[in-house]
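If you want the building blocks of each chain, they are given just below.
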Amino acid sequence: VIIPDGDLWITGDETLGEHLDRRGVSRRRFLEYCGAVAGVLTAGPLLAGRAEAAITAETIAQSLSGMEKPVLVWLQLQECTGCMESVLRSGETTVEELILNLVSMDYNELLMAAAGEAADEALIEANKQPHILVVNGSVPLADDGAHCTIAGRSSESILRESAENAIAVFAVGACAHWGCVQASSPNPTQAVGVDSIITDKPVVNIAGCPPVPEVITASLVYTLANGAPPPVDGQGRPLFAYGDRIHDFCPKRGRFDAGQFVRTFDDEGARSGYCLYEVGCRGPDTFAPCPILRWNLSQDWPIGAGHPCIGCTEVGFYDRFTPFYEVLPDLAVPGTGVEADATTVGLVGLAAVGVGVAAHATATTLQERRAQKASEKVYLPLVGELPTQKRPLDSASGEDQK
Amino acid sequence: VSERVVIDPVTRIEGHLRIEVTAENEEITEAWSETTQFKGIEMVLQNRDPRDAWAFAQRICGVCTVVHAIASVRAVEHALGYSVPNAADLIRNLVLGSQMVQDHVIHFYHLHALDFVNVATVPEADVDAAVAAAVSLEPNYALNSVARFGAVKDQVTRILDSGQLSIFTNGYWDHPDYRLSPEVNLIAVSHYLDALTWQREIIRINTIFGGKNPHPNFLVGGMASAINMDNEITINQVKLNQVQGMIRQIIDFVENVYLPDVIAILGAYPDYLDIGQSSESYMALGKGGYNCAGYPTPPDGFRPGVMLDGKLEIIDLDMDKIQEYATSGWYRYTDGDVGLQPWVGETVPDYTGPTPPFEWLADNERYTWSKAPRYDGRAVQVGPMPRVLSAYVQGDAETRDDVDPILAQLGARPEQLNSTAGRILGRAIEAVEMARQLQRDFDALSTGIRAGDTQTFNPDKWEKSTWPDAAKGVGFAEVARGTLSHWVRVTDGKISNYQAVVPSTWNGCGRANGERGPYEEALVPHPLIRPEQPLEPLRTIHSFDPCQSCGIHVLDVTGSEVAWAKVQ
């Protein structure tokens, strides 16, 4: 009943009580909500230091309305913890700034002090409050969910319970996005992403295996600051991070355009920093901010360190992009390519990528390519889906979000 | 009266672990270690290109994110008879070593310390007294200052006063067995925050050579990061200087902060040198970070092998004596309850547990997604402690020099390393030794480059046409949590069998061959004052540094009737 609709309660600016006043939520409705909560609260964090006080709707209302930080529930389902490790590497905003100053992360298995029943109680209690939900990991559906259980419950039931009162849902990492490696053929555990389960509210997908750490934290800070999650593309990925292909901003793009390729690892091309397209780079078909943000305090990134992009922000990359070291097949997703003729794409067209891998492999010089391709249409390796803009979440109606 | 206690989720670990125990009169009387996650990555690997395998296997775990990739490329290289250039070996060592030291530090401060450090007392700490204590302990660490400790105390006090405790919610802060003074707790919390900053900085060694962390890139046949001292984008003097700077940061932190903190904190918990004693057999194939294709031949005369049944003498490794049982795991063998060597393993998942939600698993003979590796039929401990103990028993001079003064300070004997405190200590000692090894590997790389040894990739066996029709290989690595091995069969250019036998199955497995797994063994008997606040068993379980995503058994699907036509 107190879930804000596109007018998120913002850290630091006002307490929850002030926010609800401003939003016109009546004291009576708030107390009804707190009465429901009273039944499950024991001596939780909100009442720390006054455990002797009777737990009533009134005391809970008092505690809740004095809350200064949004509650964050951060689940880890079927996954490898690489996404939480990525968060630990975030330069700005840092993980300590996030969980100690900006939000109260009342549940996260990697970092929380409590375990077992005390942890589970913290989750149940946090779920009762309006909260931001972040999910790492996929949901395995086989064998009634026995392939990933927490506190004896299936991932699906944990996710559904946590999503119920969530005011925003973030699926962080390829597992939560679409299932990642365990969902690759033959998907032994029937793993699916969060938005296959949570269909009654928007899910923001922070893509990548793992995502660039700063994209994870920035998505949360964006939401805290703007009162709504960032606008997303057709896959639910925030436009501020997934609006362009690796290829669009690759610092080696000039080498690509000039036809200067690494043919074998550690060859003269590799030692000259040439383009990795011919040893399998998936950058032309991968929407990701890696070349712009780079990794680990902007130290470097995969292509910068000499290895081709494996396309880890794209759905199905383990099936769609393997074998990883073969030239990006122009039929990766048949029928969705972008056609353009050489005169309109300029130098890109001259590089003549993707016009049949065999033809490409035999063309060894820029001049040959130019001669060969001058008069014909070229098929750019832009074979992924173009981002179709979903309706920005901040224009969503209140009904959509309950 | 015997009471059943369930710890699920076991938090501050990687993956999903459930511990069930029975307890009576403040003591645990029986224990079961239960891995509650299964991903089936091995089934996904079937029929893939072996050169791609590392990128799948790596995703077994994002904490020890380097180790499965290294074991994978080593296994494939062994199968293909593929040699790797010296510079690539050294680069792999630098990536693995830096990640392992980082992993040890994160484990201690962020995953383990809150079992010993009570955050709730920090507001009572006298900042000046804390600084005095820290400086006497760690005179060379700049952040042991009034400004730093004061700021941390204020921050923690603000959180506790707000009533919104974030990650400290529902901690066992009123448990009577938290023993440290408010001042020591303040020091530890301050270093918890410092370690967060530190790990972000030093992990960039992974980024320079592997492009990112978590999940840096590897390459069968070498490493993809070319060396050219006269190019802007390759490994050049700028990047080497950065790596050198990070190695100095690593050495500085583990020598001047991590190890002294561990010794100081354990000084308040000396009984934990006699608590958590586990299986008395151990395996170590080299010092921390050693990795190889095929049978291990570590440097400096280290004998790869096992110590069995409490006898502290080395028996050389026999790869055929590594076997896995499905006794307590949700898998089915054709020939029933036998042990199978990984190259001839055979597994079909077979969930026979209760439908979730469930309350109790241990009444069933099978209760975990982990299979049970055994060496010559025995449960063995793997990890930093067994490696340090093995080096110590072998008379390794560096290890003796590191271990003896600390044991003397704590009044402990070498065999007491088999304990909760011993495993914590072993990890910290190993971190210091690995930090020195990083410097040696870096020096070797730099020297080699100056002499013209800049090759990072061997193209000879890259093309499938050069591969045998059928081959098998094994890659070993001594990684953060213990001995890791990946076993691969390659047939007609594709993976026909892939298995990983990993540290957290060695340590975290269930019963087999009439013996508890090491986590289980460490908990019986074990103190447990308050069943609703299982602080003491968490100390012991955490001392193994559980990594349960790794502990999910990796299947051999050879001969399975499942149709694989859809793969690729």
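Peer 1: What's the story with the overall build of chain B in this structure? I'm lost.
Peer 2: The helix and strand inventory of chain B stands at 15 helices and 15 strands. Along the longest, intermediate and shortest principal axes, the C-alpha atoms of chain B span 70 × 65 × 45 Å. Summarising the internal contacts of chain B: among those between residues at least 6 apart in sequence, 75% fall at separations of at least 24. Summed over all atoms, the accessible surface of chain B reaches about 17,000 Å², with 49% contributed by carbon and sulfur.

Peer 1: Help me out: how do you make sense of the pairing of strand β12 (residues 470–479) of chain B in this one?
Peer 2: On a regular strand, one side chain projects to one face of the sheet and the next to the other, so that they alternate. All names here are of chain B. The buried fraction of β12 is high, at 8 of 10 residues. Judged from the 3 bridges that link them, strand β5 (residues 291–293) and β12 form a sheet pairing that is antiparallel. Its bridge partner being in β12, C292 is matched across the sheet by F476. Pairing of β12 with strand β13 (residues 482–491) involves 10 bridges; the strand directions are antiparallel. Bridge pairing in β13 places V474 opposite W487. The turn joining β12 and β13, which pair antiparallel and follow one another in sequence, is formed by 2 residues.

Peer 1: Would you explain helix α7 (residues 155–164) of chain A in this entry?
Peer 2: Residues spaced three or four apart along an α-helix point in a common direction, a consequence of the helix completing one turn every 3.6 residues. Within α7 of chain A, burial applies to S155, I158, L159, S162 and A163 of chain A. When α7 of chain A is viewed along its axis, its buried side chains cluster within an angular range of 125° and face the same direction.

Peer 1: Quick question: what am I supposed to make of the interface of chain B and chain A here?
Peer 2: It is common to report an interface's size as the accessible area lost on association of the parts. Across the contact, 99 residues belong to chain B and 91 residues belong to chain A. Summed over both partners, the interface of chain B with chain A comes to about 7,900 Å²; 57% of that surface belongs to carbon and sulfur atoms. Looking at the side of chain B facing chain A, the largest losses of area belong to Q164, I167 and R200 of chain B, adding up to 9% of the total buried there. Across the contact surface, chain B and chain A share 3 salt bridges. A salt bridge links D319 of chain A to R48 of chain B, with the shortest nitrogen-to-oxygen separation between them at 2.8 Å.

Peer 1: What's the story with the packing of helix α5 (residues 127–137) of chain B against helix α7 (residues 182–202) of chain B in this structure? I'm lost.
Peer 2: Packed helix pairs are specified by the crossing angle of their axes together with the interaxial distance, meaning the distance between the axes. Residue and element names in this part refer to chain B. Packing of α5 against α7 leaves a shortest axis separation of 9 Å and a crossing angle of 70°. One finds that α5 runs roughly perpendicular with respect to α7. You can see that α5 and α7 cross each other, and the crossing is right-handed. Contacts from V127, A129, A130, A133 and A134 in α5 reach E183, L186 and I187 in α7.

Peer 1: What am I meant to see in helix α11 (residues 397–410) of chain B here?
Peer 2: Residues and elements named next belong to chain B. Between its first and last C-alpha atoms α11 spans 20 Å; for 14 residues at 1.5 Å apiece the expected length is 20 Å, and the two agree. Those residues of α11 lying buried are E398, T399, D402, V403, I406, L407 and L410. Buried-residue contacts for α11 involve α9 (237–267), α10 (384–393) and α12 (420–450). Residue G411 follows α11 closely and has a positive phi angle near 65°.

Peer 1: Explain the sheet that holds strand β2 (residues 104–108) of chain A to me, please; I cannot follow it from the model alone.
Peer 2: Hydrogen bonds between backbone atoms are what pair the strands of a sheet, whose relative direction is either parallel or antiparallel. Residues and elements named next belong to chain A. The strand order β2-β1-β3-β7-β9 describes an open sheet built from 5 strands, whose pairing is parallel. Looking at which strands have only one partner, the edges of the open sheet turn out to be β2 and β9 (203–206). Going from strand to strand, the sheet's axes swing by 20° on average, the running direction of each strand aside. As paired strands, strand β1 (residues 71–76) and β2 are joined by 4 bridges and run parallel to one another. Residue pairing across strands places W74 opposite N108, the latter belonging to β2.

Peer 1: Before we go on, may I ask you to explain the layout of surface pockets in this structure?
Peer 2: Here the idea is plain: a probe the size of a water molecule rolls over the atoms and shows the empty space left. Residues and elements named next belong to chain B. Considered as a void within the structure, the largest pocket measures approximately 850 Å³ in volume. For the largest pocket, the lining is made up of 35 residues, of which K287, Y290, P299, D300 and Q437 are closest to its centre. Looking at the lining of the largest pocket, the elements that each hand over two or more residues are α4 (86–112), β5, α10, α11 and α12. Ranked by residue count, the leading element in the lining of the largest pocket is α12, at 7 residues.

Peer 1: What's the story with a nonpolar patch on the surface in this structure? I'm lost.
Peer 2: All names here are of chain A. A cluster of nonpolar side chains, contributed by F249, I292 and L293, occupies part of the molecular surface with about 270 Å² of accessible area. Relative to the helices and strands, F249 is located in the loop between α11 (239–242) and α12 (253–257). F249 sits in the partly exposed class, given a relative accessible area of 44%.

Peer 1: Could you clarify how one ought to interpret unusual backbone geometry in this entry?
Peer 2: Note on backbone geometry: most residues besides glycine have negative phi, and most peptide bonds are trans. Here the amide bond leading from C209 of chain A into P210 of chain A is cis, since omega sits at -10°, within 30 degrees of zero. With an omega dihedral of 5°, the bond running from D8 of chain B to P9 of chain B counts as a cis peptide bond. For P9 of chain B, the location among the structural elements is in the loop between β1 (3–7) and β2 (17–24). In this model, D143 of chain A sits at a positive phi of 50°, which is unusual for a non-glycine residue. Tracing the sequence through the fold places D143 of chain A in the loop between β4 (139–140) and β5 (149–150). D143 of chain A sits in the partly exposed class, given a relative accessible area of 40%. A positive phi angle is found at S166 of chain B, which is not glycine, with a value near 50°. Within the element layout of this structure, S166 of chain B appears in the loop between α6 (146–162) and α7.

Peer 1: Help me understand the confidence of the model for chain B in this model?
Peer 2: The predicted coordinates ought not to be read in detail in places where the model reports low pLDDT. Residues and elements named next belong to chain B. For chain B, the mean per-residue pLDDT works out to 95, and 96% of the residues sit at or above 70. Long-range and interchain partners of residues 555–568, a stretch whose pLDDT sits below 50, account for 35 contacts in this model, where long-range means more than four residues apart. This complex was scored by the predictor with a pTM of 0.87 and an ipTM of 0.95.

Peer 1: So what exactly am I meant to see when it comes to the packing of aromatic side chains here?
Peer 2: Aromatic rings considered in pairs are described by the distance between their centres and by the relative angle of their planes. All names here are of chain B. Inspection of every chain in the model, using the stated rule, returns 36 aromatic pairs over all chains. Where F108 meets Y258, the ring centres are 5.6 Å apart and the plane angle is 45°; that geometry is what we call tilted. Taken together, the residues F108 in helix α4 and Y258 in helix α9 connect sequence positions 150 residues apart. The exposure classification of F108 matches that of Y258, with both residues buried. Plain terms: the ring middles of Y141 and F253 are 6.1 Å apart, the flat faces sit at 80° to each other, and that makes the pair edge-to-face. Taken together, the residues span a long stretch of sequence, with Y141 in the loop between α5 and α6 and F253 in helix α9 at a distance of 112 residues. Here Y141 and F253 have matching classes, each one buried. Feature note: the residues F108, Y109, Y141, W198, F253 and Y258 constitute an aromatic cluster, connected by ring pairs.

Peer 1: Quick question: what am I supposed to make of a negative patch on the surface here?
Peer 2: A grouping of E117 and E121 of chain A together with E3 and E532 of chain B is seen on the molecular surface, where their side chains present a negatively charged patch. Of note, E121 of chain A is situated in helix α6 (residues 116–128). With a relative accessible area of 34%, E121 of chain A lands in the partly exposed category.

Peer 1: Where do I start with empty space enclosed by the protein in this structure?
Peer 2: Residue and element names in this part refer to chain A. Inspection of every chain in the model, using the stated rule, returns 18 cavities of 30 Å³ or more. Its boundaries defined by the atoms lining it, the largest cavity holds a volume of some 150 Å³. Every residue lining the largest cavity is counted, 17 residues in all, and those nearest its centre are C290, P302, C309, I310 and C312. Of the residues in the lining of the largest cavity, the class split is 11 nonpolar, 4 polar and 2 charged.

The rules we used
Residues numbered from 1 in each chain as written. Chains lettered and ligands numbered in written order. Predicted model: local features only at pLDDT ≥ 70, side-chain atom pairs only at ≥ 80, totals over all residues. Heavy atoms only, no water. Helix = DSSP H or I, 4+ residues; strand = E, 2+ residues; numbered from the N terminus. Contact = heavy atoms within 4.5 Å. Areas by Shrake-Rupley, 256 points an atom, 1.4 Å probe, with all protein chains shown as cover. Buried < 20%, exposed > 50% of the residue type's maximum accessible area, 1.4 Å probe, protein only. Pairing = 2+ DSSP bridges. Arc of directions from axis to C-beta. Buried area = accessible area lost by both parts, 1.4 Å probe. Salt bridge = Lys/Arg side-chain N within 4 Å of Asp/Glu carboxyl O. Axes fitted to C-alpha atoms, helices over the stretch in contact; angles between N-to-C directions. Parallel < 35°, antiparallel > 145°, perpendicular 65-115°, else oblique. Left-handed = near helix turned anticlockwise from the far one by under 90°. Expected span 1.5 Å × (residues − 1). 1 Å grid on protein atoms, 1.4 Å probe; cavity = no way out; pocket = protein on both sides within 12 Å on 5 of 7 lines; lining within 4 Å. Points joined across faces, edges and corners; volume = space filled by probe spheres on them. Patch = residues over 30% accessible without salt bridge, like charges linked within 9 Å, V, L, I, M, F, W, Y side chains within 5 Å. pLDDT = per-residue confidence, 0-100. Phe/Tyr/Trp six-rings, centres within 6.5 Å; stacked < 30°, edge-to-face > 60°. Lys, Arg positive; Asp, Glu negative; His and termini not counted. Charge placed at Lys NZ, Arg CZ, Asp CG, Glu CD. Nonpolar A, V, L, I, M, F, W, Y, C, P; charged D, E, K, R; others polar.

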